[in-house]
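Fold and contact review
Listed here are the chains, written in short residue letters.
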Amino acid sequence: LVKQVELFSRFKVNTFHWHLTDDQGWRVAIHSHPRLARQQHYTQDELRDSILYAAQRHIEVVPEVEFPGHSCAVNAAYPELSCNPNAGHSVQISGGIFSDVLNVASPLVLQFAKDVLDEIIEVFPYSQIHIGGDETPTNAWQGNAECQAMMQKLGLTNVRQLQSHFVRQLSDHVTSKEGDKRRTVIMWNESLTAGGTDEELIKGTGGTMMCWEIGNAQPCALKAAQYGMKSIITTQVPYYINRRQSTDADEPKVAGYGTDNVKAVYDYAPIPASVPTNLHKYYVGVQGTFWTEHVQHTDLLEYLALPRLTAIAETGWTPETKKNFSD
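This report concerns the structure included in the present document.

Conventions we followed
Residues numbered from 1 in each chain as written. Predicted model: local features only at pLDDT ≥ 70, side-chain atom pairs only at ≥ 80, totals over all residues. Heavy atoms only, no water. Axes fitted to C-alpha atoms, helices over the stretch in contact; angles between N-to-C directions. Helix = DSSP H or I, 4+ residues; strand = E, 2+ residues; numbered from the N terminus. Left-handed = near helix turned anticlockwise from the far one by under 90°. Contact = heavy atoms within 4.5 Å. Nonpolar A, V, L, I, M, F, W, Y, C, P; charged D, E, K, R; others polar. Core = buried A, V, L, I, M, F, W, Y, C linked by side-chain atoms within 4.5 Å. Buried < 20%, exposed > 50% of the residue type's maximum accessible area, 1.4 Å probe, protein only. Phe/Tyr/Trp six-rings, centres within 6.5 Å; stacked < 30°, edge-to-face > 60°. Lys NZ or Arg CZ within 6 Å of the ring centre and 35° of its normal.

**Regarding the packing of helix α4 (residues 107-123) against helix α7 (residues 161-175)**
Relative orientation of the contacting elements α4 and α7 amounts to 35 degrees, with a least axis distance of 10 Å. Seen along the crossing, α4 lies across α7 with a hand that is right-handed. Contacts between α4 and α7 involve Val 109, Leu 110, Ala 113, Lys 114, Leu 117, Asp 118 and Ile 121 from the first element and Phe 166, Gln 169, Leu 170, His 173 and Val 174 from the second. When the residues that make up the contact of α4 with α7 are grouped by side-chain class, the tally is eight nonpolar, two polar and two charged.

Given below as structure tokens:
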């Protein structure tokens, strides 16, 4: 981590989005729920040290704790937070999208999420918290009595609206804090683009959309801007810089199809020419996303990240008219 922070600093990457939880493990100690961190994890003091080290290099650290999907590790530790407490729940050992999500109609789950966010606020001093929201199947909610009762009580017409209500409650919780404890939320684009979403509830969060999905990243950013919401562009193609850079035979066998080369990254325009000028102010950043599940060692990480990370950094800091790939 230290080596990567030094790398970020050298190339003027000013924010580190730290994805701390997933189906394969919960990687941050939460004192109110100690069973979450049964696997390898960071202590809160270790996180504070990392935040300070990054701050000394002019880098803010944005934590991500994932709700309500990618929650297999949570449900394995606390089955009562799932939609089926009596079923077997396990930490996943492979990638994918899993239907074992949190029961968003349960008061226990809402309190759990608030407890987690309260501890995250105490550790991470900056103004934003990423609360996830991507890749959340609704199957478990459709078959859960509490979820169905909530739908009836609220007069909902689509099960996805349960997620919108849950997200709004989490946002309201962190935005209602006073002084330096107040936070706003970042969400993956599905929070706004998934079919059946209550867009008015999401608009009311005042949060920032992190736009990643092929086919949905730019429509989400535009819709967010029209709602007066900010967005961060990290479209999977080509801004996921853990993916293969070429189709050469000796290219490492990692994710992707080999088309996400450095020129594709450099040439990508995060604000399309079709976006009205008055909306540009809502496009607040670009991100090079790097998932490490297929990356076994630091040398491979750096081979994949560079020079694409520098291309993204230049896009973030340099007006389009002054970019020059050959230079």
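**Observations regarding the nonpolar core**
By size, the foremost hydrophobic cluster in this structure holds 76 residues, and its most contacted members are Trp 26, Phe 67, Phe 112, Phe 124, Ile 131 and Met 209. Residue contributions to this core peak at nine residues, all from α4. In this structure Phe 112 touches Trp 26, His 33, Leu 36, Phe 67, Val 74, Leu 81 and Leu 102, once residues within four positions along its chain are discounted. Ranked by size, the runner-up nonpolar core spans seven residues in total, among them Ile 186, Trp 212, Ile 232 and Tyr 240.

**Description of the packing of aromatic side chains**
One pass over the structure, following the stated rule, counts eleven aromatic pairs. Residues Trp 188 and Trp 291 carry aromatic rings whose centres are separated by 6.3 Å and whose planes lie at 40 degrees to one another, so their mutual orientation is tilted. Linking Trp 188 in strand β6 (residues 184-188) with Trp 291 in the loop between β9 (283-286) and α13 (298-305), this pair joins segments that are 103 residues apart in sequence. Judged by its relative accessible area of 21%, Trp 291 falls in the partly exposed class. Taken together, the ring pairs connect Phe 8, Phe 16, Trp 18 and Tyr 42 into an aromatic cluster. Note that Lys 263 overlies the ring of Phe 325, its terminal NZ or CZ placed 5.4 Å from the centroid.

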